[in-house]
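A structural walkthrough
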Amino acid sequence: MKRELIHLENIAKSFGNLLVLDEIDLSIYESEFITLLGPSGCGKTTMLRIIGGFEMPDTGRVLFDGKDITRLPPNRRPINTVFQKYSLFSHMNVEENISFGPKIAGKSADYIRDKVKYALKLVNLEGYEKHDVTRLSGGQQQRIAIARAVVNEPKVLLLDEPLSALDLKLRRNMRRELVGINKETGITFIFVTHDQEEALSMSDRVVVMNQGYIQQVGTPENVYNEPENAFVADFIGDSNIIDGVMVRDKIVRIFGREYPCVDTGFPAECPVDVQIRPEDIKLAAPREGAFNGVVTRVVFWGMSYDINVEADGFEWLIQSTTGRTVGEEVSLHVAPENIQIMSKPQSEDEEVAADV
Amino acid sequence: MFNTMTRNVLLTPFLIWAVLFIFVPLICIVWYGVTDYDGNFSLDNMSLIFERGYLAALKLSVELALISTVVCLILAYPLCLILTENRRDNTTIISLLFILPLWMNSLLSTMAWQTILESNGIINQLMRLLDLPTFNMINTQGAIVVGMVYNFLPYMVLPLFISLSKIDKSILEAAQDLGANSWQTFFRVILPLTIPGAVSGITMVFIPALTTFVISALLGGGKLLLIGNIIEQEFTFQYDWHVGCALSVILMIFIVMNMLLTAAFDPLKEEGDG
Amino acid sequence: MRYIKKIYLATIFLFLYAPIGVLIAQSFNASRYRGHWTGVTLDWYTKLFNDERIADALSNTLSIGLLSAGIATILGLITCVAMKEFSRKWRATFMSITNVPILNADIVTGISLMLLFMGLGLKLGYVSILLAHIVFNVPYVILCIMPQLMTLDKSFYEAALDLGASPFKAFASVILPELRPSIFAGFLLAFTMSADDFIITHFTKGAGVDTLTTEIYAELKIGIHPEMYALSTLVFFCVLIFVILFAINRRKLKHIEEAI
């Protein structure tokens, strides 16, 4: 295992009566690319600001390399931030923006010149030293903001939804470049986003958050394939989530019938949430599959079709590469390993989280 | 929004207005300034600035106006920084409290400074109560500066406040994030970004301070003459309009210089094209 | 650091409010001489309502303030709407023309207008003061309205046109309501500037016509009638009450917003 760099210990934070973070415990390792993912208002930005030193937690500690930095101001932390609105200094050119940090740190002019050059090369903007930052495009400003942070050789880089203002194509390129910078510099990246695609495609690990609580921490494959609760299942990708009851190990009852699955360890007759991904459902001729139903809606997306099928009074979502026609009778087939069983929320807080 | 025709028709009243009430009056004043009583061209009245102690009055005006401007600037920066720091809750109320004194008649409140500063005034009575030495401030240059600062401080605070509140909070966080402490953040980021606001404040304070005749009349005891007092007297006592206008034209040189300075830092230049 | 900030704010407020405190005290002072305290009286408040000179000056101040602010608001609004349609360069030129009366010294504006009125053969009096006040009020109105007009979303107006409204109707029903706050602010600022102006009024007024400020200036030499202090105190408290109501209202609105 890699070395632990940052440890958040039982952090809670409220603004007035509004609880934005609670019971946050998280380890962040050296050089990893970790993403805080969640809907707006889930507390992910507040968590980032606590790590950056812009907010003070009400309870709990922030440990950096084993040392308590909870009360250390941002200017004395070996951590730099790429802000959502880039926050470049409009009265300085590109070079002055990037050299702001090293100058404050009292580095020599030669050192700064080399470093600025290196940082600009890292973000593919060589030769832009004298450009006016206000005349750069959004994507270029974004790169300068990254260069301005990276040039200080921080141990950790915080990125607060840095791609949200860019257009789709640019965003795709920047994702690749950010991962490249992370691998080249070895700086730990803590990335905040509400875009699950971004989170899944870039991260080593994803922290899924909702309503101030961490819902699940894991690799992208892990949180997609084995969501721990209905919120994670629903938030990441599309899901069919059905109420079910565990009959015994490897048998679950859905809509009054028993089906084989692969999950074990639940008590007998325990109510559970059953998740089935739309792409894991195969359409078959009527009565060949497990559930019989009627196609109610078909939407063509280019690569695939979204097909809604009503069966047993439940509206199933199915993704398929072949189209169907509305009104057609079909049956659904799901392989046992594609049926994911999740325990129902236990505490009230989790309940709240699952409602969203 | 409208076609060219409508737009030009809508602008016409203002253009006529501006020619009649802005340009023609200024031409009148210059005309009077460079002619003599028979209407012949003459620079005699302009050259009067070098006689009768007028130059000393101009020099004193410039000095006091500069001092007042600097004092306003020094007072206004911390004030605006404090007012823009927490942009919630009671900032509106504090700002309103700051604007409220403007509704008191400025002649009367300047007069009140007489009551506060005079040798038997409120400050000296307090000093005597506390057994501290009294001092004489009324009818001095210091009293005039106090009056100027009192009257013109809002003109400095307003543009500074606006340009400070335009700075996104994340810009200051960025500076801090890159290692700057509060002082470094102020001198390297806040100060350069608020220069347009400060310049507009400086011109808004300097011009009225340079040209006032009321404050010096009320707090200078009629002994300290500023260039404004001399011009006013030419119109109300001497009835020598040509001399008055000639001195006004000299004042206008300062004003034009100020306008050029403002134009160079025009904050409206950053406005987006709608 | 927090204490230093509080002390700083308090010092500035003391500086701003000290003269106001003195004026309020003087309005209750039994002696008619400034800085000579002989006891508390309400005499000046009762006398205030029988003083014809003050009543005249007050009515002049109010009517000139309202009229000049009203006319300046209309002229300013029309000019803003027209200026919005010009290119940035032209707009900047027009804006610098409109700003001349603000950037110019009051004494120069006052004298130049006096020369103009005398040259035109206009008798100095009520009308000349009114015209002069409109001159310096227009730029304040434009400064208030223009920024909001520039940020206004054109699509509302275009939607109204699309739905069949005439340009004038669309303007009156869509743009005007949107601009209401800045129009109101411009009017209020113009009225305040007019009511507090002394220098320009001093040069453009004729004998026999006085506003409150010129009346006060005339009294300076012979000693201010304490009724003036009483009047200023009344005005100050009216504005204060207005401001408090405004603040409370705002707070309430905020609470309601938060509740939602």
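Residues numbered from 1 in each chain as written. Chains lettered and ligands numbered in written order. Predicted model: local features only at pLDDT ≥ 70, side-chain atom pairs only at ≥ 80, totals over all residues. Heavy atoms only, no water.

It is worth spelling out the overall build of chain A at this point. Summing up its helical and strand segments, chain A has ten helices and 20 strands in all. Its C-alpha atoms put chain A at 75 × 45 × 40 Å along the principal axes. For chain A, restricting intrachain contacts to residue pairs at least 6 apart in sequence, the fraction spanning at least 24 positions comes to 65%. Put simply, chain A shows about 16300 Å² of open surface, and 48% of that area lies on carbon and sulfur atoms. (Helix = DSSP H or I, 4+ residues; strand = E, 2+ residues; numbered from the N terminus. Contact = heavy atoms within 4.5 Å. Areas by Shrake-Rupley, 256 points an atom, 1.4 Å probe, with all protein chains shown as cover.)

Residues and elements named next belong to chain B. Summarising the model, chain B shows a mean pLDDT of 85, and 93% of its residues fall at 70 or more. Every residue in residues 268-274 scores below 50 in pLDDT, and together they form 13 contacts with partners more than four places removed in sequence or on other chains. The ipTM for the predicted assembly is 0.86, set against a pTM of 0.82. (pLDDT = per-residue confidence, 0-100.)

Right, let's talk about the packing of helix H1 (residues 4-33) of chain B against helix H7 (residues 126-151) of chain C for a bit. In contact at an axis separation of 11 Å, H1(B) and H7(C) are set at 120° when each is read in the N-to-C sense. Helix-helix and strand crossings are classified by hand; for H1(B) and H7(C) the assignment is left-handed. Contacts between H1(B) and H7(C) pair Phe14(B), Trp17(B) and Phe21(B) from the former with Leu131(C), Ile134(C), Val135(C) and Val138(C) from the latter. Among the residues making up the contact of H1(B) with H7(C), the classes are represented as seven nonpolar, no polar and no charged. (Axes fitted to C-alpha atoms, helices over the stretch in contact; angles between N-to-C directions. Left-handed = near helix turned anticlockwise from the far one by under 90°. Nonpolar A, V, L, I, M, F, W, Y, C, P; charged D, E, K, R; others polar.)

With that out of the way, let us pick up the packing of helix H3 (residues 54-85) of chain B against helix H13 (residues 241-264) of chain B. Residue and element names in this part refer to chain B. Their axes nearest at 13 Å, the elements H3 and H13 cross at an angle of 35°. Two packed elements cross with a definite hand, and for H3 against H13 that hand is right-handed. Residues Tyr54, Leu58 and Val62 of H3 form the contact with H13, whose own contacting residues are Val243, Leu247, Ile250 and Phe254. Grouping the constituent residues of the contact of H3 with H13 by class yields seven nonpolar, no polar and no charged.

Opposite the 17 residues of chain B that make contact, chain A presents 23 residues. Taken together, both faces of the contact between chain B and chain A bury some 1800 Å²; the carbon and sulfur share is 59%. Among the residues chain B hides against chain A, the three largest losses belong to Asp177(B), Leu178(B) and Arg188(B). Together they make up 39% of the total. The interface formed by chain B and chain A holds two salt bridges in total. With a closest N to O distance of 2.8 Å, Asp168(B) and Lys85(A) form a salt bridge. Applying the counting criterion to the chain B and chain A interface returns seven residue pairs in polar contact (both at pLDDT 80 or more). Breaking the side of chain B that touches chain A down by element, the ones donating at least two residues are helix H8 (169-177) and helix H9 (182-193) of chain B. The leading source of residues in the side of chain B that touches chain A is H8(B), at seven residues. When its residues are assigned to classes, the side of chain B that touches chain A shows eight nonpolar, five polar and four charged. (Buried area = accessible area lost by both parts, 1.4 Å probe. Salt bridge = Lys/Arg side-chain N within 4 Å of Asp/Glu carboxyl O. Polar contact = N/O pair within 3.5 Å; in protein donor to acceptor, adjacent residues only side chain to side chain.)

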